[in-house]
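What the coordinates show
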Amino acid sequence: MRTDLHGPLSAYAARLHATAGDRHHVASPLGAWLLLAVGATTAAGPDLVAEAEAAANGAAAELARALGTDLPSAAEIARTLLDAPHPLVGAATALWHRPGQGDGGPVAWRAALPSTTEVGVLPDQAGLDAWAREHTLGLIETFPLRVRPDVVLALASALATRVSWATPFDVADARALGAGSPWAGQLRRALRSPSQGHRCAIVSTARAGDVIVHAAPAQTTDGAGLVVLSVAAAPRVPPAEVLAVAYDLSAGAADGTQPAGSRSLFDLPLGAAPLWTVSEERVRTRARDGREERHHAVLPCWSARSEHDLTAPALGFQAAAATLATAMALPVERFEARQTAVARFDRYGFEAAAVTGMFGLTSLPPEGVARTAELRFGHPYAVVAVATDTRTDGVTGPWHGLPVFSAWVTEPEEAPEA
């Protein structure tokens, strides 16, 4: 079943990438969105949804706005994605809390979580780092947040992939990137798409004008694959607009269809343009009208590692922390949220990973000294059962304070194993 996530995820990606601006970076908007959606499962009950609709400024309503859909739909999408994992994209989520805290609220939120979400006691920093390594193919060594005594809950997501291209790139002289490219003089070699197996197009868009598009498919596993889409526009186009166009075009990339707005090379003038060069030669062709179109692309290898602060209100983590605190009856007063993302694109394949983490924080009492007494009932002792009888109207009833049963214990018994 295909999830109806593309629109909400595109909108969320725009907000997340806006926090990074035009610097070199990689991010996983899906990783952040999934973390919020797992948090939404704890608030997707009818009572909280009705409350959100009645109070537009409530935490549940803010969370729904960040997710771009209602909370039950977001929770269902999260369950669908996480409980039916993709063979080429590892995904994991976890919800941890302090020992003895987080169990006092209603338990319905546990049943609403995806079955694959790990729930348990908050690990120490070494445990969190190990979780990050395990679920990112070792690409991310440390968890994006540092655990402290004031952390009472943690919510985490991890996504990772490492794939080989179905058809590797060829190698080209970096000068093929174009005389106007600042990279042409910095590099010696670049990648050239092979004659078969990759898809290229020049596409006319309303947001960014003409853009160039390259799609590299990975080897498939059990019918599941991965396509890495590259989109470039004129240098004057803001990065946010190019990213938005890339998300728009990604909707059809998995189907292998020609992008809407693709331009015929025979409608373009011959010669060099800022983003492409069109040439013409006489060839033997089986094209119906005798006019054959060919494309290839030249791209650089690249890699990136980025850290993203996710505390901006529009990203939804403040609302997620408040929602979880209510569901789990935890004294959350503040929150932290960050994402670590890495990626590498080269001749033979693509690898990427992201870990998104959120901590709910509470105030700690002043430091002092604690003493603990272990009371040992190791010899005969007395037991008295006393009734309590306090009425709902505040009146104390006649049984209140009466010893109802009493005993002197001299013959202890073995405690049962269960």
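Presented here is an overview of the structure given in this document. (Residues numbered from 1 in each chain as written. Predicted model: local features only at pLDDT ≥ 70, side-chain atom pairs only at ≥ 80, totals over all residues. Heavy atoms only, no water.)

Section: the overall build of the protein chain
Looking only at helices and strands, the protein chain has nine helices and 16 strands in total. Put simply, the protein chain has 418 residues, and 40% of those count as buried. Restricting the contact set of the protein chain to residue pairs at least 6 apart, pairs at least 24 apart contribute 69%. For the protein chain, the accessible surface area stands at approximately 23,700 Å², while carbon and sulfur atoms represent 53% of it. (Helix = DSSP H or I, 4+ residues; strand = E, 2+ residues; numbered from the N terminus. Buried < 20%, exposed > 50% of the residue type's maximum accessible area, 1.4 Å probe, protein only. Contact = heavy atoms within 4.5 Å. Areas by Shrake-Rupley, 256 points an atom, 1.4 Å probe, with all protein chains shown as cover.)

So, the sheet that holds strand 7 (residues 209-217)
Strand order in the open sheet made by the three strands is 6-7-8, with antiparallel pairing throughout. Both outer strands of the open sheet, strand 6 (199-205) and strand 8 (227-232), are each paired with one neighbouring strand and no more. Ignoring which end each strand starts from, the neighbouring axes of this sheet average 25° apart. Here strand 6 runs beside strand 7; their pairing, made up of seven bridges, is antiparallel. From the neighbouring strand, Ser-204 faces strand 7, where its bridge partner is Asp-210. (Pairing = 2+ DSSP bridges. Axes fitted to C-alpha atoms, helices over the stretch in contact; angles between N-to-C directions.)

Examining the environment of His-135
Within the fold, His-135 resides in the loop between helix 7 (125-134) and strand 3 (151-164). Each C-alpha atom, one on His-135 and one on Gly-90, is 7.0 Å from the other, the two residues being 45 residues apart in sequence. Residues within four places of His-135 in sequence aside, it is in contact with Ala-92, Ala-158 and Ala-160.

What about helix 7?
Those residues of helix 7 lying buried are Gln-125, Leu-128, Asp-129, Trp-131 and Ala-132. Along the long axis of helix 7, the arc covered by the buried residues comes to 155°, so they all point the same way. Across helix 7 from its buried face, at more than 90 degrees, point the exposed residues Ala-126 and Glu-134. Where helix 7 is buried, its residues touch strand 1 (90-97), strand 2 (118-121), strand 3 and strand 14 (349-361). (Arc of directions from axis to C-beta.)

So, the packing of aromatic side chains
Applying the stated criterion to the full structure yields nine aromatic pairs. In this structure an aromatic cluster arises from ring pairing among Trp-165, Phe-169, Trp-302, Phe-345 and Phe-350. A cation over an aromatic ring shows up here: Arg-291 above the ring of Phe-266, its NZ or CZ 4.4 Å from the ring centre. (Phe/Tyr/Trp six-rings, centres within 6.5 Å; stacked < 30°, edge-to-face > 60°. Lys NZ or Arg CZ within 6 Å of the ring centre and 35° of its normal.)

Quick notes on the nonpolar core
Judged by nonpolar contacts, the single largest core of 43 residues is most densely connected at Tyr-12, Trp-33, Leu-36, Leu-63, Leu-67, Phe-317 and Met-358. Elements with a contribution of two residues or more to this core: helix 1 (6-20), helix 2 (29-41), helix 4 (59-67), helix 5 (71-83), strand 3, helix 9 (317-328) and strand 13 (334-345). Per element, the largest residue contribution to this core is eight residues, and it comes from helix 2. Here Leu-63 is in contact with Leu-36, Gly-39, Ala-40, Leu-71, Gly-316, Ala-319, Ala-320 and Thr-323, once residues within four sequence places are set aside. If you look at the next biggest cluster of nonpolar residues, it comprises 21 residues, including Leu-122, Ile-140, Leu-145 and Ala-160. (Core = buried A, V, L, I, M, F, W, Y, C linked by side-chain atoms within 4.5 Å.)

Details of the side chain of Thr-323
Inspection of the secondary structure assignment puts Thr-323 in helix 9. In this structure the side chain of Thr-323 is engaged in a polar contact, spanning 2.8 Å, whose partner is the backbone oxygen of Ala-319. (Polar contact = N/O pair within 3.5 Å; in protein donor to acceptor, adjacent residues only side chain to side chain.)

Notes on the side chain of Thr-356
You can see Thr-356 is positioned in strand 14. Since its relative accessible area comes to 0%, Thr-356 is described here as buried. A distance of 2.8 Å separates polar atoms of two side chains, one belonging to Thr-356 and the other to Gln-339. If we ignore the near neighbours within four places in the chain, the residues touching Thr-356 are Gly-31, Ala-32, Leu-35, Pro-144, Leu-155, Ala-156, Ser-157, Leu-310, Phe-317, Arg-338 and Gln-339.

Examining the pattern of salt bridges
Summed over the entire model, instances satisfying the criterion amount to 13 salt bridges. The salt bridge partner of Glu-76 is Arg-79, with a shortest N-O separation of 3.2 Å. Taken together, the residues Glu-76 and Arg-79, both in helix 5 and three residues apart, mark about one turn of the helix. According to the relative accessible area criterion, Glu-76 is partly exposed, its value standing at 40%. Across the salt bridge formed by Arg-334 and Asp-150, the nearest N and O atoms sit 3.0 Å from each other. With Arg-334 in strand 13 and Asp-150 in the loop between helix 7 and strand 3, this residue pair connects regions lying 184 residues apart in the sequence. (Salt bridge = Lys/Arg side-chain N within 4 Å of Asp/Glu carboxyl O.)

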